[in-house]
Amino acid sequence: MLKTIRLIFTFYKGFLLASIIITSCCGLIFWEYGLSVFRALFWLKISTLAISFYFINTYKAREYYYYHNLHLSKILLWCSLLITDFLLFIFLIVLLHKLQ
Amino acid sequence: MHTLEASGIRLQFGGRVILSDIYLAAATGRITGLLGRNGEGKSCLMKIIYGTLHCEKSIQIDKQSYDRTYSRPGLMQYLPQFNFIPASLSLKRIFKDFELDYDLFQSRFPEFAAKHTAVAGSLSGGELRLVELYITVKRSSKFALLDEPFTHLNPVQTEKVKTFLTEEKANKGMLITDHLYRHVTGICDSLYILSAGKTHPAKSIADIQRLGYARL
């Protein structure tokens, strides 16, 4: 189990910097404008996740075989990454809302 | 002893039939060679057996059918024709992931003695290929599919790899394809030629020419 989590995190690292930048920008905008921009930020986050999916599938597709040889499927990698990343985004928004 | 049988495979792209009449068998203790011209579908066939390319097929290991052999631990490892290790990973981490002993690796390939902490992206093409080949073959599994294992290797490395594969076949069945066909025929126990979407068992070296793969 720990090994699977470590491998998923390795896969996530290729995407982490872009994710941190986008989530931080969303946090700053939410802090400035509040709940009124939440819907726009939600769709911005979804769109950037879709773009990231496209770029990783295009430019890092060969690396999938590293994970396949360790018995991790593409579906498991992507579901884990997307759910984690989206939950972090929601967590940040809720935290900022409470702080406000 | 474990057996692998691939049959009933039909693969087509946009109406063009790539593979249509395939029968291929491999077993523990044997290296099975697969030769064919570019575009005949050798890599596709390996991906179909591995389970990352979907089509009509029957893949049986020990008489049991599988769809995605890669998802079952201990069943199948695959060396694609391209580099597949993420460039940022160190050799230490790679060997940890694949549950392999680095000391055994460096005793066989001493040129890696001081590279335990080197990342994959810093290795030369030949060194990286050697690491990929080693982890694919050494990882515990019933079968290994090797697509162009000799690419980027120098002659000394190639000879070492041939010895390594010949030793390792005692532990698993292997299916190998490479355009350096003399290396393949030099170590394989049985050989298939892929031509016009069909597999043809080659009984002798002369069959390679008869089936149009190479001029001897």
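Owing to the predicted nature of the structure, the values given are computational and were not obtained by experimental measurement.

A. Just the overall build of chain B, in detail. A count of helical and extended segments in chain B gives 7 helices and 11 strands. What you see for chain B is a C-alpha radius of gyration of 17 Å, in line with the 17 Å of a compact globule of 216 residues. With the C-alpha coordinates of chain B rotated into their principal frame, the extents come out at 50 × 40 × 35 Å. For chain B, buried positions account for 54% of its 216 residues. Residue pairs at least 24 apart in sequence account for 68% of intrachain contacts in chain B once pairs closer than 6 positions are excluded. Put simply, chain B shows about 9300 Å² of open surface, and 49% of that area lies on carbon and sulfur atoms.

B. Here's a closer look at the pairing of strand E7 (residues 76–79) of chain B. Residues and elements named next belong to chain B. Residues Met76 and Tyr78 of E7 are buried on one face, and the alternating residues Gln77 and Leu79, pointing to the opposite face, are buried as well. Summarising the sheet, E7 and strand E8 (residues 143–147) pair through 4 bridges and their orientation is parallel. Within E8, the position partnered with tyrosine 78 by the bridge is leucine 145.

C. Expanded view of the interface of chain B and chain A. With 27 residues of chain B at the interface, the matching set in chain A holds 15 residues. In total, about 1900 Å² of surface goes out of reach between chain B and chain A, with carbon and sulfur atoms giving 54% of it. The residue Lys3(A) makes a salt bridge to Glu99(B) at a minimum N-O spacing of 3.2 Å. Counting only elements with at least two residues in the side of chain B that touches chain A, the list comes to helix H1 (42–50), E7 and helix H2 (91–97) of chain B. Taken together, the residues that form the side of chain B that touches chain A break down as 13 nonpolar, 6 polar and 8 charged.

D. Fine view of the layout of surface pockets. Taken as a whole, the largest pocket spans an internal volume of roughly 220 Å³. Considering the residues around the largest pocket, the lining is formed by Thr10(A), Phe11(A), Lys13(A), Gly14(A), Ile56(A), Lys60(A), Glu63(A), Tyr67(A), Pro86(B), Ala87(B) and Ser88(B). Top element by residues in the lining of the largest pocket is helix H1 (residues 2–33) of chain A. It accounts for 4 residues. Residue composition of the lining of the largest pocket, grouped by class: 5 nonpolar, 3 polar and 3 charged.

E. The arrangement of the environment of Phe143(B) in detail. All names here are of chain B. Along the chain, the position of phenylalanine 143 falls in strand E8. Classification of phenylalanine 143 as buried rests on a relative accessible area of 1%. For the pair formed by phenylalanine 143 and leucine 75, sequence separation is 68 residues and the distance between their alpha carbons is 6.3 Å.

F. Inspection of the sheet that holds strand E10 (residues 190–195) of chain B at higher detail. Residues and elements named next belong to chain B. The 6 strands are arranged E7-E8-E9-E4-E10-E11 in an open sheet whose pairing can be described as mixed. In this open sheet, the two edge strands, each paired with only one partner strand, are E7 and strand E11 (198–202). Each adjacent strand pair in this sheet contributes to an overall mean axis angle of 20 degrees, direction not counted. Where strand E4 (residues 31–36) and E10 come together, 5 bridges link them in parallel fashion. Pairing of threonine 32 across the sheet is with serine 190, part of E10. The strands that H1 touches are E4, E7, E8, strand E9 (173–177) and E10; relative to E7, the one it contacts most, it runs at about 155 degrees.

G. Highlighting the environment of Glu148(B). All names here are of chain B. Looking at the element boundaries, glutamate 148 is found in the loop between E8 and helix H5 (155–168). Among the residues examined, glutamate 148 registers a relative accessible area of 17% and is labelled buried. A sequence separation of 30 residues divides glutamate 148 from aspartate 178, and the C-alpha atoms of the two residues are 4.3 Å apart. Beyond its immediate stretch of four places on either side in the chain, glutamate 148 contacts Gln81, Arg129, Thr177, Asp178 and His179.

Reading guide: rules and limits
- Residues numbered from 1 in each chain as written.
- Chains lettered and ligands numbered in written order.
- Predicted model: local features only at pLDDT ≥ 70, side-chain atom pairs only at ≥ 80, totals over all residues.
- Heavy atoms only, no water.
- Helix = DSSP H or I, 4+ residues; strand = E, 2+ residues; numbered from the N terminus.
- Rg over C-alpha atoms; globule rule 2.2 N^0.38 Å.
- Buried < 20%, exposed > 50% of the residue type's maximum accessible area, 1.4 Å probe, protein only.
- Contact = heavy atoms within 4.5 Å.
- Areas by Shrake-Rupley, 256 points an atom, 1.4 Å probe, with all protein chains shown as cover.
- Pairing = 2+ DSSP bridges.
- Buried area = accessible area lost by both parts, 1.4 Å probe.
- Salt bridge = Lys/Arg side-chain N within 4 Å of Asp/Glu carboxyl O.
- Nonpolar A, V, L, I, M, F, W, Y, C, P; charged D, E, K, R; others polar.
- 1 Å grid on protein atoms, 1.4 Å probe; cavity = no way out; pocket = protein on both sides within 12 Å on 5 of 7 lines; lining within 4 Å.
- Points joined across faces, edges and corners; volume = space filled by probe spheres on them.
- Axes fitted to C-alpha atoms, helices over the stretch in contact; angles between N-to-C directions.

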